[in-house]
Amino acid sequence: MSTSAKYWRGIPQRYRLEAERCASCGMEFFPPRLVCSGCGARKFMPIKLNDHGKLLTYTVIRVGPSEFCEQTPYAMGIVELDGGVRMTAQIADVDFDTLEVGMPLKVEFRKIREEGQAGILCYGYKFVPE
Amino acid sequence: MAGIIGYGAYVPRNRIKVEEIAKVWGADAPSYKRGLMLQEKSVPSPDQDVITMSVEATKHALTRAQIDPAKIGAVYVGSESHPYAVKPSGTVLAEAIGATPEVHCADFEFACKAGSEAMFVCMGLVDSGSIEYGLAVGADTSQGAPSDALEYSAAAGAASFIIGRDPGVARVIDTYAYMTDTPDFWRRSYMHYPRHAGRFTGQPAYFKHITSCATGLMEKVDLTPKDFAYVVFHQPNGKFPQRVGKMLGFTKEQIEPGWLSPILGNTYSGSSPMGLTATLDVAKPGDMILMVSYGSGAGSDGFVFEVTDRIDGVRNVAPGTRELLDKKTYIEYGTYAKYRRKIRMGE
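Please read all numbers here as calculations on a predicted model, not as lab measurements.

### As for the packing of aromatic side chains
In total, this model carries 19 aromatic pairs over all chains according to the counting rule given. For the pair Trp 25 of chain B and Tyr 333 of chain B, a centre-to-centre distance of 6.2 Å together with 85° between the ring planes defines the contact as edge-to-face. Here Trp 25 of chain B is found in helix H1 (residues 18–25), whereas its partner Tyr 333 of chain B is found in helix H13 (residues 333–339), with 308 residues between them in sequence. Summarising the aromatic geometry, the rings of Phe 233 of chain B and Phe 250 of chain B are spaced 6.1 Å apart at their centres and angled 75° between planes, so their arrangement reads as edge-to-face. One end of the pair, Phe 233 of chain B, is in strand E11 (residues 230–233); the other, Phe 250 of chain B, is in the loop between helix H7 (239–248) and helix H8 (252–255), with 17 residues separating them in the sequence. Members of the aromatic cluster, each reached through a chain of ring pairs, are Tyr 7, Tyr 15, Phe 109 and Tyr 123 of chain A.

### Some points on the packing of helix H6 (residues 202–221) of chain B against H7 of chain B
Residue and element names in this part refer to chain B. Following both chains from N to C, one finds H6 and H7 inclined at 50°, their axes separated by 10 Å at the closest point. As far as their axial angle goes, H7 and H6 are oblique. Like other packed secondary-structure pairs, H6 and H7 cross with a definite hand, here right-handed. Taken together, the residues of H7 that come into contact with H6 (itself represented by Gly 202, Gln 203, Tyr 206, Phe 207, Ile 210, Thr 211, Ala 214 and Thr 215) are Phe 240, Pro 241, Arg 243, Val 244, Met 247 and Leu 248. Its residues assigned to classes, the contact of H6 with H7 shows nine nonpolar, four polar and one charged.

### A look at the nonpolar core
Membership of the largest hydrophobic core comes to 40 residues, with the highest contact counts inside it found for Ile 4, Met 119, Phe 161, Leu 276, Leu 280 and Phe 305 of chain B. With six residues, helix H5 (residues 114–128) of chain B is the single largest residue contributor to this core. Viewed by domain, this core spans two of them, domain 1 (2–168 + 322–339) and domain 2 (170–311) of chain B, each represented by three or more residues. Beyond its immediate sequence surroundings of up to four residues, Met 119 of chain B is in contact with Ala 136, Phe 161, Pro 273, Leu 276, Met 291, Phe 303 and Phe 305 of chain B. Grouped together as the second largest cluster of nonpolar side chains are 36 residues, Tyr 123 of chain A together with Leu 62, Val 75 and Ala 96 of chain B included.

### Digging into the domain arrangement of chain A
Residue and element names in this part refer to chain A. Entries for chain A in the domain assignment read domain 1 (1–49) and domain 2 (50–130). Just the C-alpha atoms count here: the centres of domain 1 and domain 2 sit 20 Å apart. Interface area for domain 1 against domain 2, summed over the two sides, is near 1100 Å², with a carbon-plus-sulfur share of 63%. Considering only the side of domain 1, the residues that lose the most area to domain 2 are Tyr 7, Leu 17 and Leu 49, jointly responsible for 41% of the buried surface there. Inspection of the region where domain 1 meets domain 2 yields four residue pairs in polar contact (both at pLDDT 80 or more). Per-element tally for the side of domain 1 that touches domain 2: the top contributor is helix H2 (residues 11–16), with three residues. Residue composition of the side of domain 1 that touches domain 2, grouped by class: six nonpolar, four polar and three charged.

### Some details on the side chain of Gln 90 of chain A
All names here are of chain A. Structurally, Gln 90 can be placed in strand E6 (residues 86–91). By relative accessible area, Gln 90 is classed as buried at 9%. At 3.4 Å, the side chain of Gln 90 forms a polar contact with the side chain of Lys 126. Once residues lying within four places of it in the same chain are set aside, the contact partners of Gln 90 are Phe 68, Gln 71, Tyr 74, Ala 75, Met 76, Lys 126 and Phe 127.

### Quick look at unusual backbone geometry
Across the junction of Thr 72 of chain A and Pro 73 of chain A, the peptide omega takes the value -10°, indicating a cis bond. Within the secondary structure layout, Pro 73 of chain A lies in the loop between strand E4 (52–61) and strand E5 (74–81). A cis geometry characterises the amide bond from Gly 297 of chain B onward to Ala 298 of chain B, with omega recorded as 10°. Residue placement: Ala 298 of chain B occurs in strand E13 (residues 297–307). Not every positive phi belongs to a glycine, and Leu 17 of chain A is a case in point at roughly 50°. Mapped onto the elements of the fold, Leu 17 of chain A is located in the loop between H2 and strand E1 (18–22). We note that Ser 147 of chain B has phi near 75°; this positive angle belongs to a residue other than glycine. If you trace the backbone, Ser 147 of chain B turns up in the loop between strand E6 (133–141) and strand E7 (156–165). The partly exposed category is assigned to Ser 147 of chain B, whose relative accessible area is 39%.

### Some points on the environment of Ser 261 of chain B
All names here are of chain B. Tracing the backbone shows Ser 261 in helix H9 (residues 261–264). Sequence separation between Ser 261 and Gly 78 is 183 residues; the distance between their C-alpha atoms is 19 Å. Residues contacting Ser 261, with those up to four places away along its chain left out, are Leu 38, Glu 40, Gln 235, Asn 237 and Gly 238.

### Re the sheet that holds strand E3 (residues 44–48) of chain A
Residues and elements named next belong to chain A. Strand order in the open sheet formed by three strands is E2-E1-E3, with antiparallel pairing between adjacent strands. Of all strands in the sheet, those bounded by a partner on one side alone are strand E2 (28–29) and E3. The pairing of E1 with E2 spans two bridges and is antiparallel. Bridging from a neighbouring strand, Glu 20 pairs with Phe 29 of E2.

### Details of the interface of chain B and chain A
Listed by partner, the interface residues are 20 residues for chain B and 18 residues for chain A. Taken together, the two surfaces of chain B and chain A that pack against each other cover about 1900 Å², and 46% of this comes from carbon and sulfur. Counting the contacts that link chain B with chain A gives five salt bridges. Here Asp 47 of chain B and Arg 110 of chain A are joined by a salt bridge, their closest N and O atoms 2.9 Å apart. Across the contact surface, chain B and chain A share 13 residue pairs in polar contact (both at pLDDT 80 or more). Per element, the largest residue contribution to the side of chain B that touches chain A is five residues, and it comes from helix H3 (residues 50–65) of chain B. In the side of chain B that touches chain A, the residues fall into eight nonpolar, four polar and eight charged.

Calculation rules
Residues numbered from 1 in each chain as written. Chains lettered and ligands numbered in written order. Predicted model: local features only at pLDDT ≥ 70, side-chain atom pairs only at ≥ 80, totals over all residues. Heavy atoms only, no water. Phe/Tyr/Trp six-rings, centres within 6.5 Å; stacked < 30°, edge-to-face > 60°. Helix = DSSP H or I, 4+ residues; strand = E, 2+ residues; numbered from the N terminus. Axes fitted to C-alpha atoms, helices over the stretch in contact; angles between N-to-C directions. Parallel < 35°, antiparallel > 145°, perpendicular 65-115°, else oblique. Left-handed = near helix turned anticlockwise from the far one by under 90°. Contact = heavy atoms within 4.5 Å. Nonpolar A, V, L, I, M, F, W, Y, C, P; charged D, E, K, R; others polar. Core = buried A, V, L, I, M, F, W, Y, C linked by side-chain atoms within 4.5 Å. Buried < 20%, exposed > 50% of the residue type's maximum accessible area, 1.4 Å probe, protein only. Domains from an automatic or database assignment. Buried area = accessible area lost by both parts, 1.4 Å probe. Polar contact = N/O pair within 3.5 Å; in protein donor to acceptor, adjacent residues only side chain to side chain. Pairing = 2+ DSSP bridges. Salt bridge = Lys/Arg side-chain N within 4 Å of Asp/Glu carboxyl O.

Here it is as C-alpha cells:
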C-alpha cells in the first residue's frame, strides 16, 4: 500500500527541517505540535532548524527492517542540533570505529527508503561527519 | 545581461581505483590508466542519487548566491539518470530548497550535456526578463556495464548554478550551440546500461562537435584561445579534453584547473559544469572562461564567461570542488557492485 499521503505531509520537516517555536515560552518543537508541552500555549512561530549539531548517542543496526535491509550495517544516532533540538536519524558515510559521542555532524539530504521496486522514493535528512 | 550568481558542486565520498576494477575483469590497469588518463572515480552510496546530489550542490550554490530561494523562477535538472522514469527530479529539489510553489520546473536529458542545456535555458529566461533567477543543475549517477570501458569512467557528481542578472560572479558574454544527429552513444527504453559505438565516439562525435562549437563561439565573440584564462571541456575520460584543447590551440595550464576526470571520472551531465565550478574556485576578476559541453547524440553548448569582482567575496563561503574531491573513502569492487546494484538479490 502506498504511503504517498503520509510522506507528503512530512515534506516541510523531512526536506527543510521546518520546526516551531512557542510564542509564549520560546520552547522549540520538531516536528511541530498543537500544544506547547512547556507552558500549554497554542501559538507558535515557524523556524528553520540549524543543520549542524553533535552526536549524543548511537548504535549500529546490523539486522534492519525490510525496507532498510540493503543499507545494513548502518549507524543510527540521536543528534543535538545547535539550538538544542534533538533528532533521531541515520548517520551516513561514517566509519563505525570513528563514531564518538560529541562528534560534530551536519545534515545531508539523502534517500531514506524505497517503497519496493515500483513505489515512491522517500527523501529526507541524515547526518554525516563534518 | 545574465550571469552566474552562485555556484556549487557535490561529490559522493566513495572512490574506486582503476586497478580494483581491472583486477576483477583481468584487464591491464596500466594501459587503461595510460590510455584513458584515469586513476579513480567517484561512486554514490546506496542512499544517494541525482536528486540528493542536486540538493547538496544547490545548497552550496545558494550559500554563494545569498538570495531568497523563493525568488527562483525556474528549476531545471539535467541528467541521464533521473531516479524516476515518470516524476520530476526538479520538484523534489525545488521543495527541498524552498523554491516552491511559484516556480517553473523541468527535467532535461541529452546524454552528457543535459546540465549545460539547463544553464542555457535559464540564461535565456533571465535575459528575456521572464524570471529573476533560474536554477540549473547537471548531475548524474552514471551507468557503465560491467567490464565495459565505460565502467572505468562512469562516476557520480553534481554541479549547480543560480543564474540571474548582474552583478554575479561571472557574466555571460555569449552562448553558442552546435548539433547534428550522430548515434555515438545511447540507451534504449528499459535498458539498464548504455551502448556506444567504440572509436566512433571520438572523431565524428566528441571532437567534431566540441571543435565546431568552440570555433563558432570564438568567431562570434571575436576572441582567440590566447584571450582566455581558462577553458573547460566535457570530460568522458582524462585524455579527450587534453587532446581537444590542443587541437583548438589551448595550453595545459588553461585546461588544468577544471580537468577533474583523472580523479573524479565522467559525471556525465555534471562533467563540464563541475569543471566550471572548479575553475571558478581559482579564477580572478576579469578572467575569461570558455566552457564547451558535449552530449552524445550529439551536440555541444558553448559559453563565454567573464569573471567579476564578486568572486573573491563568495568563493570561500562554501566548499570548493577540489576540497570535496579530497574527502574520500576507497571501496573494493564487491562494495561497489552492491552500491551500484550490480548484484541480483533474492525476491
